[in-house]
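Fold and contact review
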Amino acid sequence: NAGVTQTPKFRVLKTGQSMTLLCAQDMNHEYMYWYRQDPGMGLRLIHYSVGEGTTAKGEVPDGYNVSRLKKQNFLLGLESAAPSQTSVYFCASSPERVGLALPNEQFFGPGTRLTVL
Amino acid sequence: GNSVTQMEGPVTLSEEAFLTINCTYTATGYPSLFWYVQYPGEGLQLLLKATKADDKGSNKGFEATYRKETTSFHLEKGSVQVSDSAVYFCALSDNTDKLIFGTGTRLQVFP
């Protein structure tokens, strides 16, 4: 199993350009997440999905869009990149939490380092 | 709202020294608590977790005890190795399927 994979690993954009980050998982997980990691701020949740065809906003959703057309893939889009979106982006997935069960472990990809000039 | 506060780093230690990384939280109800570790150039991976008061999570020589009375989940290891050099994140889940992370603490261990 490859686990959680992310493409690309690195990308440099100019302000106003668009791009899509791809996350794929082969663990048949229901839940998927996109985070950004910035110095001194830890990881902040951008958007997440609790199943194919569903998405929801996290803590810092502005400037990003997501889609979950297939269970194994979760795409993060930047329509018009800004320097403030320079960051390291992590995707994660976890199994579905059933009923009152405790939260499951999240499995992380290796990250995408994005620079917006 | 819910939040996690970690001690600022970097924490610099010699090999075989004792490690403590402090973590306190603010949450309503009874959150689950986690420590994740991020090795250089990699994504985060779960190190240990605790799901109720007085639970002790442990893994790879690391331990943390869920202390509800002090709202803390401090990470400890009796003897660190160079290979433990990484960034450590404390996190909580308030049972909404989302994690709230602290800012991370960088640990540097020198031989």
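Heads up: the structure comes first, above all this text.
Residues numbered from 1 in each chain as written. Chains lettered and ligands numbered in written order. Predicted model: local features only at pLDDT ≥ 70, side-chain atom pairs only at ≥ 80, totals over all residues. Heavy atoms only, no water.

1. What to know about the sheet that holds strand β9 (residues 75-77) of chain B
Within a sheet, adjacent strands bond to each other through the backbone by hydrogen bonds, running parallel or antiparallel. Residues and elements named next belong to chain B. Taken in spatial order, the 4 strands make up an open sheet running β3-β9-β8-β7, and their pairing is antiparallel. Either end of the sheet is taken by a strand with one partner, and the two such strands are β3 (19-21) and β7 (56-59). The average undirected angle you get between the axes of adjacent strands in this sheet is 20°. In this structure, β7 lies alongside strand β8 (residues 62-65), joined through 4 bridges in antiparallel fashion. Across the sheet, the residue bridging to Gly57 is Ala64, located in β8. (Pairing = 2+ DSSP bridges. Helix = DSSP H or I, 4+ residues; strand = E, 2+ residues; numbered from the N terminus. Axes fitted to C-alpha atoms, helices over the stretch in contact; angles between N-to-C directions.)

2. What to know about the state of the cysteines
Applying the stated criterion across every chain yields a total of 2 disulfides over all chains. Disulfide pairing is shown between A:Cys23 and A:Cys91; the S-S distance is 1.9 Å. The S-S bond linking A:Cys23 to A:Cys91 shows a torsion near -75°; that makes this disulfide left-handed. Separated by 68 residues along the polypeptide, A:Cys23 in strand β3 (residues 19-25) and A:Cys91 in strand β9 (residues 87-94) bring together distant segments of the chain. There is no split in this pair, since A:Cys23 and A:Cys91 are both buried. Shown here is the disulfide that connects B:Cys23 with B:Cys90, its sulfur atoms set 2.0 Å apart. For the disulfide bridge between B:Cys23 and B:Cys90, the dihedral angle about the S-S bond is near -70°, and by the sign convention the bridge is left-handed. Of the two residues, B:Cys23 is situated in strand β4 (residues 23-26) and B:Cys90 in strand β10 (residues 86-93); the sequence distance between them amounts to 67 residues. Taking the relative accessible area as the measure of exposure, B:Cys90 reaches 1% and is therefore buried. (Disulfide = S-S within 2.5 Å. Buried < 20%, exposed > 50% of the residue type's maximum accessible area, 1.4 Å probe, protein only.)

3. Describing the sheet that holds strand β1 (residues 4-7) of chain A
All names here are of chain A. Spatial ordering of the open sheet is given by β1-β3-β8-β7, a layout of 4 strands whose pairing is antiparallel. Looking at which strands have only one partner, the edges of the open sheet turn out to be β1 and β7 (65-67). Put simply, the sheet's adjacent strands are angled 20° from each other on average, direction ignored. Bridge analysis of β3 against strand β8 (residues 73-78) gives 6 bridges, and the strand direction is antiparallel. Of the residues in β8, the one forming a bridge with Leu21 is Leu76.

4. Some points on the interface of chain A and chain B
Taken together, the contact between chain A and chain B spans 19 residues of the former and 21 residues of the latter. Here chain A meets chain B over a buried area of about 1700 Å², counting both sides, of which 56% is carbon and sulfur. Together, A:Leu43, A:Pro103 and A:Phe108 form the three largest contributors to the area buried by chain A at its contact with chain B, with a combined 29%. In this structure, the connection of chain A to chain B is made through 0 salt bridges. Where the side of chain A that touches chain B is concerned, the elements lending two or more residues are β4 (31-38) and β5 (42-49) of chain A. When its residues are assigned to classes, the side of chain A that touches chain B shows 12 nonpolar, 5 polar and 2 charged. (Contact = heavy atoms within 4.5 Å. Buried area = accessible area lost by both parts, 1.4 Å probe. Salt bridge = Lys/Arg side-chain N within 4 Å of Asp/Glu carboxyl O. Nonpolar A, V, L, I, M, F, W, Y, C, P; charged D, E, K, R; others polar.)

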